[in-house]
Amino acid sequence: MPDVSVLKCRKCGALDAGPRLLCPNCRSRALEAAQVEGKGTLLSWTIIRRAPAKMKALAPYAVCVVDLEAGVRVTGRLQAVDAALRPGARVRCAALEGGVAIFSAEA
Ligand SMILES: [Zn+2]
């Protein structure tokens with residue numbers, strides 16, 4: 001399972017999905033790249049059928065929001081949309097594609 005890239009504040013330790021310049025918790029500029037485990041809970045998703053030009057080859061695809069166990073909310077894509085999928089489902093990062101985390105339901 002690949003790790004997911006996030007930002008970590010060197011001052012207060014807060015994690016953020018980024019990109020951003022200031023820590024949303026303490027306003028410090030001391031943000032650095034960090035890797036966290038790609039396990040979490042699916043919050044929501046939406047299926048993109050009419051994709052922007054550079055994503056057309058992927059359509060339809062599902063953009064999702066996941067609350068990682070590490071304590072940070074990230075966006076990514078779902079590997080597959082299963083009719084049984086529900087908000088609250090356990091998911092894990094199955095792959096990284098161009099820096100985007102691809103999540104799949106935990107077996
Ligand atoms: Zn901070």
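Look up a bit, the structure's there.
Rules of the game
Residues numbered from 1 in each chain as written. Predicted model: local features only at pLDDT ≥ 70, side-chain atom pairs only at ≥ 80, totals over all residues. Heavy atoms only, no water. Core = buried A, V, L, I, M, F, W, Y, C linked by side-chain atoms within 4.5 Å. Buried < 20%, exposed > 50% of the residue type's maximum accessible area, 1.4 Å probe, protein only. Helix = DSSP H or I, 4+ residues; strand = E, 2+ residues; numbered from the N terminus. Polar contact = N/O pair within 3.5 Å; in protein donor to acceptor, adjacent residues only side chain to side chain. Pairing = 2+ DSSP bridges. Salt bridge = Lys/Arg side-chain N within 4 Å of Asp/Glu carboxyl O.

All right, on to the nonpolar core then. With 17 residues, the main nonpolar core has Val4, Val66, Leu68, Val74 and Phe103 as its most contacted residues. Listed by contribution, the elements that provide at least two residues to this core are strand S1 (4-9), strand S3 (31-36), strand S5 (61-68), strand S6 (72-78), strand S7 (90-97) and strand S8 (100-105). If you tally residues by element for this core, the top one is S5, at 4 residues. Counting residues in each nonpolar core, the second largest holds 5 residues, with Leu7, Ala14, Cys23 and Leu31 among its members.

The next thing to look at is the environment of Gln35. For Gln35, the location among the structural elements is in strand S3. Through-space distance from the C-alpha of Gln35 to that of Val6 is 6.1 Å; in sequence the pair is 29 residues apart. Engagement of the side chain of Gln35 in a polar contact is seen with the side chain of Ser5, the distance being 3.0 Å.

Attention now moves to the sheet that holds S1. If you trace the 3 strands from one edge of the open sheet to the other, you get S2-S1-S3, paired in antiparallel fashion. If you trace the sheet from one side to the other, it starts and ends with strand S2 (15-16) and S3, each paired once.

On to the side chain of Asp16. Assignment of secondary structure puts Asp16 in strand S2. Assessed through its relative accessible area of 12%, Asp16 is described here as buried. Here Gly18 takes part through its backbone nitrogen, which lies 2.7 Å from a polar atom of the side chain of Asp16. One polar contact links Asp16 to Arg20, side chain to side chain, over a distance of 2.6 Å.

Below, the discussion takes up the pattern of salt bridges. Per the stated rule, a full pass over the model turns up 7 salt bridges. A salt bridge links Glu106 to Arg90, with the nearest nitrogen and oxygen atoms 3.7 Å apart. Highlighted residues: Glu106 in the segment after S8 and Arg90 in strand S7, separated in sequence by 16 residues. Accessibility expressed as a relative area gives 26% for Glu106, which makes it partly exposed. Look at Arg90 and you get partly exposed, because its relative accessible area is 32%. Across the salt bridge formed by Arg92 and Glu106, the nearest N and O atoms sit 3.5 Å from each other. Of the two residues, Arg92 sits in strand S7 while Glu106 sits in the segment after S8, which places them 14 residues apart along the sequence. Ionic contacts of the salt-bridge type, sharing partners, join the residues Glu69, Arg90, Arg92 and Glu106 into one network.

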